[in-house]
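Now for the letters of each chain:
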Amino acid sequence: MTKRSKSKRQASSSPEEATLQNTSTRSAKLKQQRTMNVPNNIVQMDDGSNVGSLTSSDTGTGSSILSLADLRKLIQQDITNATHQTMQRIDGVASRIDGAISKLQSDVEEMKDSQQFISNEFESVKHTLSEHDNEIRSTSEQIKCLKEDNSTLRNHLEELNYEVNVLKQKSLESNFLISNLIKTNDENLCMLVESIARLLDIPFNAANILGVSRLSSKNQKDIQPVLVRCTTVYVKEQFMNAIKGRPITCEEIGLGVKQQIFINHHLTSINQRILGATRKFKKDYNYRFVWFANGSVFLRKDENSKIIRVNDVHDLPNT
């Protein structure tokens, strides 16, 4: 038979015959693969992939090659074991995460409690400070009122002191003081006053003198002044005016010492302080005149300046 006739037969064969031929061909290939040097523990699948199998030493059975069903079962068992181990690990990690989350939640709750405590304390302190602030404001208002009352009372007190001082000075207006008069053991003050009156050409009448006495002095070395209390201001002014134009000494009235005698007003302690401060002011700022008259101290810069009445040291000019 020629090649052309063989090809014609193959072309004229039916599809059923072609399928049978392919199946027989695949069976022959499978047998040929089994006879090749393929390891006993490898099973080659129809699609050409190799699947590992277990020998009798691995399974403990007498067969040299496992079936595909047993292999699938073992793979499923391995997968199950691996899945179980993975789940155990996941459970362990999840447990640790849960513990950490639980601790974190506990810490957060403690922080919330601390924050709430601090907030409460802050509100308490804020409330306390607000109360203190109100108390301070109230106290400040009270202090302000007290200062105003104190200022008012001080003004009233100064007015009262001034009025009292005026009344005291009024009660002393008929008196005068003789300063720098030598003291002797057997002195007769009334006779000394009479001698001064004769030297000053003043008509003297003992009835016009209510009393003569020496005043105490803070310094024992100082000569104690002599207080003369007259019946009227007129009698006193006679001595005050006469002494200005006719200075006299202790020698002239028989005391043997050539020491000038001075006659001054009898002043209250307040007026003495005011007069002393005014005299110092006169010296420091070159004022020319300071004098006492009608119960007050007066100051004058010069003949052309205005007269300043000094009822208190605060009345002295600001320079």
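Residues numbered from 1 in each chain as written. Predicted model: local features only at pLDDT ≥ 70, side-chain atom pairs only at ≥ 80, totals over all residues. Heavy atoms only, no water.

## A few points about the nonpolar core
Membership of the largest hydrophobic core comes to 27 residues, with the highest contact counts inside it found for I178, L181, L200, V228, F239 and I263. Among residues more than four places away in sequence, those in contact with I263 are F176, L177, I178, I196, L200, F239, M240 and I243. Of all hydrophobic cores here, the second largest spans 11 residues; its members include V297, I308, V310 and L316. (Core = buried A, V, L, I, M, F, W, Y, C linked by side-chain atoms within 4.5 Å. Buried < 20%, exposed > 50% of the residue type's maximum accessible area, 1.4 Å probe, protein only. Contact = heavy atoms within 4.5 Å.)

## With respect to the sheet that holds strand β9 (residues 296-300)
In space, the three strands of this open sheet follow the order β8-β9-β10, with antiparallel pairing throughout. Strands at the two margins of the open sheet, each flanked by one partner only, are β8 (289-293) and β10 (307-310). Within this sheet the neighbouring strands show an average axis-to-axis angle of 25 degrees, counted without direction. The strands that helix α7 (residues 269-284) touches are β8, β9 and β10; relative to β9, the one it contacts most, it runs at about 5 degrees. (Pairing = 2+ DSSP bridges. Helix = DSSP H or I, 4+ residues; strand = E, 2+ residues; numbered from the N terminus. Axes fitted to C-alpha atoms, helices over the stretch in contact; angles between N-to-C directions.)

## Here we look at the environment of N175
If you trace the backbone, N175 turns up in strand β3 (residues 175-179). Taking the C-alpha atoms as reference points, N175 and L227, separated by 52 residues in sequence, lie 7.1 Å from one another. Beyond its immediate sequence surroundings of up to four residues, N175 is in contact with L227, V228, R229, C230, K236 and H266. Here H266 takes part through its side chain, which lies 3.3 Å from a polar atom of the side chain of N175. (Polar contact = N/O pair within 3.5 Å; in protein donor to acceptor, adjacent residues only side chain to side chain.)

## Notes on helix α5 (residues 189-199)
Looking at α5, one finds that the buried residues are L189, L192, V193, S195, I196 and A197. Buried positions along α5 lie against β3, β4 (209-214), β5 (226-230), α6 (233-245), β6 (248-249) and β7 (260-265). Looking at where α5 begins, the residue whose side-chain oxygen comes 3.3 Å from the main-chain nitrogen of C190 is N188.

## What about α6?
With 13 residues, α6 extends 19 Å between its outermost C-alpha atoms, agreeing within 8% with the 18 Å of an ideal straight helix rising 1.5 Å per residue. Among all positions of α6, only V235, K236, F239, M240, A242 and I243 are buried. Those residues of α6 hidden inside the fold are in contact with β3, α5, β5, β6 and β7. (Expected span 1.5 Å × (residues − 1).)

## Things to note about empty space enclosed by the protein
Counted under the stated rule, the structure contains one cavity of 30 Å³ or more. For the largest cavity, the calculated volume is near 40 Å³. Every residue along the wall of the largest cavity is listed here: I202, P203, F204, N205, N208, I209, V235, Q238 and F239. Counted by class, the lining of the largest cavity contains six nonpolar, three polar and no charged residues. (1 Å grid on protein atoms, 1.4 Å probe; cavity = no way out; pocket = protein on both sides within 12 Å on 5 of 7 lines; lining within 4 Å. Points joined across faces, edges and corners; volume = space filled by probe spheres on them. Nonpolar A, V, L, I, M, F, W, Y, C, P; charged D, E, K, R; others polar.)

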